[in-house]
Amino acid sequence: QSLPQQKLLTWLSVLECVEVFAEMGTARVWGEMGRWTIIVLIQLAKAILRLLLLLWYKAGIQTSPPIVPLNREQQQPLHPQDMEDDNSSGKGQTYVGRRSSRVVRSLQSTPSLQSRHWGSPQQREESQSRRAEEMNQPPTPLGLQETIAESVYITRPLLHLLSLGVWGQRSWKPWLLSAVLDISSLSLLSDLKDLNRRERAELRRRTILLLYYLLRSPFYDRYSEGRILLLLRLLADYVPGVGFVTRKWPLLLYPLFCWVEKNRNSWA
């Protein structure tokens, strides 16, 4: 990746990390009008950055978060000193049992705690190189159809916010518009072949996120809420030990859940 592309990814990651905090802080200081203003500005900035990555830098299917978090346990490299100890076969590096004649590594050649592993050094090096190769694979080139599908997915939050401003938060039209755009984008991208591991994981994540439409107003207010509460009551009445969780924890988490559901439409 070029340096400008890395900067765009960094700024996009920063926006995704602070958008909820910015929305809450703005609503506390400037009220509801300021809250919706900062929502529109953040979503507009995110859409511009993602479209630049898609159309200018040919970044392909973009993941969320834009920069994949580093797994330090899996990415822990072999230290040069440990590699020398593993590769060396001197007399001081091994110990031969007197009765079993088993060859084991001596305590003097034991690697540091951070770099210990159960497999052989060769196996670990192969797994690390394979994982690095998967992470560094170039994005799959997108055709016209796939580029349109990714553009639809990127601009969907802006279209959803626009529909909320036109028809209101209680209307079914914003909910239907957002769902149609999500499903259409996934349908067009499903024809892609030879996707790398990161892109396949992103498409699976987007497919699973379609379940959130069951918890978004107005569908939740009219259909999901009553069924979820009925299921919780049935579990509390007929499953031993579940009553404590279903009766106590919803009372503690219900205000947070209501706040998340209320603002979920603006975060989409």
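Residues numbered from 1 in each chain as written. Predicted model: local features only at pLDDT ≥ 70, side-chain atom pairs only at ≥ 80, totals over all residues. Heavy atoms only, no water.

The name recorded for the protein in an unreviewed UniProt entry is Peroxisomal membrane protein PEX16, from Nycticryphes semicollaris. Per UniProt, the protein has the following entry under Subcellular location (unreviewed entry): "Peroxisome membrane". Among the UniProt annotations of the protein, the heading Sequence similarities (unreviewed entry) holds the following wording: "Belongs to the peroxin-16 family." (UniProt positions renumbered as here; feature names shortened; annotations may be inferred.)

Participant: How should I be thinking about the packing of aromatic side chains in this particular structure?
Facilitator: For any pair of aromatic rings, the description rests on two quantities: the centre-to-centre distance and the angle between the ring planes. A full pass over the atoms with the stated rule returns 6 aromatic pairs. Ring geometry for Trp175 against Tyr213: centres 5.9 Å apart, planes inclined by 85 degrees, an arrangement best described as edge-to-face. Placement of Trp175 in helix 5 (residues 172–189) and of Tyr213 in the loop between helix 6 (197–208) and helix 7 (219–238) is noted, with a sequence separation of 38 residues between them. For the pair formed by Trp175 and Tyr213, the shared burial category is buried. (Phe/Tyr/Trp six-rings, centres within 6.5 Å; stacked < 30°, edge-to-face > 60°. Helix = DSSP H or I, 4+ residues; strand = E, 2+ residues; numbered from the N terminus. Buried < 20%, exposed > 50% of the residue type's maximum accessible area, 1.4 Å probe, protein only.)

Participant: What am I meant to see in the environment of Arg227 here?
Facilitator: Inspection of the secondary structure puts Arg227 in helix 7. Residue class for Arg227 comes out exposed when judged on its relative accessible area of 57%. Of note is the side chain of Arg227, whose polar atom sits 3.0 Å from the backbone oxygen of Tyr223. (Polar contact = N/O pair within 3.5 Å; in protein donor to acceptor, adjacent residues only side chain to side chain.)

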